[in-house]
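Listed here are the chains, written in short residue letters.
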Amino acid sequence: LAVGIGGVSAAQADEAPTPQAGTITITAPVAQADDNMKPPTFTGREFTAYQLASYVSPQTNADHTAITGYGLANAAGVNDADVLSWIGAAAVTNGTVDPNLRSVLNASGGTLTFTGEAADLTPIEFVAKYFYGTGTDRYGNQMANSLQVRLFADAAATSGKLKDGTTATVSPTQAQFTGLYLINETDSQSGSAQTVSRAMITGTPMTVDGKAYAEVESSDPARSFTLGSIALKAEQVETAKTVAETSSANNQIAQMQSQRVFTITTNVPDYTHEYSGIADPVFTVSDKPSTDVDPFTTTGAQTTVDGLKLTATNGKGETSTLVEGTDYTVATRPDTANADYGFTITLTNPRALSGDTITATYKATVTALTQALTNTATSNFSNDPYDAQSMGKASASMNLYTTRIAISKVAYDDAGTKLDGAQFSVTGANNAAVKFSTDGKGNYYVDPNGTETAVTAGDVAIY
């Protein structure tokens, strides 16, 4: 059996203990080579293990260090017809059997039959013998990189047939069950920054003469594997935002008409293999500037983002520039519309950018300083392999700040007497007069395009 899988509870996940008889341990995935995957956490996750089969007559090697053979029998509530339907979903497309299985599987007349050397196998034994991994998947699971195993697990998880079977909630205290299990995560990630885990198939360690065995040995070393442990088949999306002023290093201190370059980075989950069940995955990046930071250049009725640029970087570090209208579209709204987002970038084909890091940059001009200068970027993305409507969300904010000097001009001999109507000017570098704009309410803003050079003081604030 090369569909070896294993699992644990969230409480055990970080410890990754050695598998014991009857237990399943789920650990955090580790990004593989040439992979930009962001490993998820176990916070808020819940799992249920549905037994698919029980072990029959396990045998050990002469040294009693590993299992060398065993049989499988359907678990209660799982029948041959169920398993055959899952095999069909994994191995047959439009009536055509996968090329690798045509010598042992026939689908003529819409009925599946085992042929050749597989003729005497039960359906669950067929799965054990012919559905095996061909390498490590992107989550670090050995012998798990198999399309048939993934599709078989998906078919079993979504069939509705397992609801009457034996269920075992994966937890530290429930360690009495043994056999081959499908582990399914309940939908606990809606609105989170993480994807929902794909269904996982794994076997618990076996017990022979009171001794637990986690290693299964094969005459072909490439097909040996470990029972009782599996890496979570889920990912995390991380969104970050930074800001830099175009004319100085004064990145977050804002002045009127000063310009900033905002950079948003995020990552696209793998929609190619692990989440291929989502027919049309959605991935958008939205930005919500405050009404005081204008990311738009407006000409008549046309509204466009100023200098927006998108790039994609794959796991090998190769970066390409994305093309608007081909790789993505942009929807923008004027600030005055009070929309949820100032603009939204929609990837045309997220599957083609699976696993890539997306970087978006744009320019923004500070047009007022009377409100909080907040900027929040949000990635919204399809995050459930079995529910196309479920969306995850990952946000990041980057604020700008203002400096304020309160000035009152008072009588020389009476600090409590304010001299309304007195005027003064402010000079900057090289004694050049500083220009201001004013809101007429005692607030003056340093503004290179301003028309005010003299400040009329009672109580005033200069930003």
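Higher on the page you've got the structure.
The rules behind the values
- Residues numbered from 1 in each chain as written.
- Predicted model: local features only at pLDDT ≥ 70, side-chain atom pairs only at ≥ 80, totals over all residues.
- Heavy atoms only, no water.
- Axes fitted to C-alpha atoms, helices over the stretch in contact; angles between N-to-C directions.
- Helix = DSSP H or I, 4+ residues; strand = E, 2+ residues; numbered from the N terminus.
- Contact = heavy atoms within 4.5 Å.
- Nonpolar A, V, L, I, M, F, W, Y, C, P; charged D, E, K, R; others polar.
- Buried < 20%, exposed > 50% of the residue type's maximum accessible area, 1.4 Å probe, protein only.
- Polar contact = N/O pair within 3.5 Å; in protein donor to acceptor, adjacent residues only side chain to side chain.
- Pairing = 2+ DSSP bridges.

**Student:** Can you walk me through the packing of helix H2 (residues 80–91) against helix H3 (residues 123–130) in this structure?
**Tutor:** When two helices pack together, their arrangement is given by the angle between the helix axes and by the axis-to-axis distance. Between H2 and H3, the shortest axis-to-axis distance is 8 Å and the interhelical angle comes to 35°. Of H3, the residues touching H2 (which contributes Asp80, Val83, Leu84 and Ile87) are Pro123, Ile124, Phe126 and Val127. Of the residues contributing to the contact of H2 with H3, the split by class is 7 nonpolar, no polar and 1 charged.

**Student:** What exactly am I supposed to notice about unusual backbone geometry here?
**Tutor:** For residues other than glycine, phi is negative in most cases, and the peptide bonds are mostly trans. Here histidine 64, not a glycine, exhibits a phi torsion of approximately 55°, which is positive. In this fold, histidine 64 is placed in the loop between strand E2 (47–60) and strand E3 (67–74). Positive phi outside glycine occurs at aspartate 209, with the angle close to 55°. The exposed category is assigned to aspartate 209, whose relative accessible area is 82%.

**Student:** Explain the environment of threonine 60 here, please?
**Tutor:** Here threonine 60 shows up in strand E2. Since its relative accessible area comes to 21%, threonine 60 is described here as partly exposed. Beyond its immediate chain neighbours, meaning those up to four positions away, threonine 60 contacts Ala66, Ile67, Thr68, Val208 and Tyr213. Separated by 3.0 Å, the side chains of threonine 60 and histidine 64 make a polar contact.

**Student:** What exactly am I supposed to notice about the pairing of E3 here?
**Tutor:** In summary, the side chains of a regular strand alternate between the two faces of the sheet. As paired strands, E2 and E3 are joined by 6 bridges and run antiparallel to one another. In the strand pairing of E3, serine 54 is matched with alanine 73.

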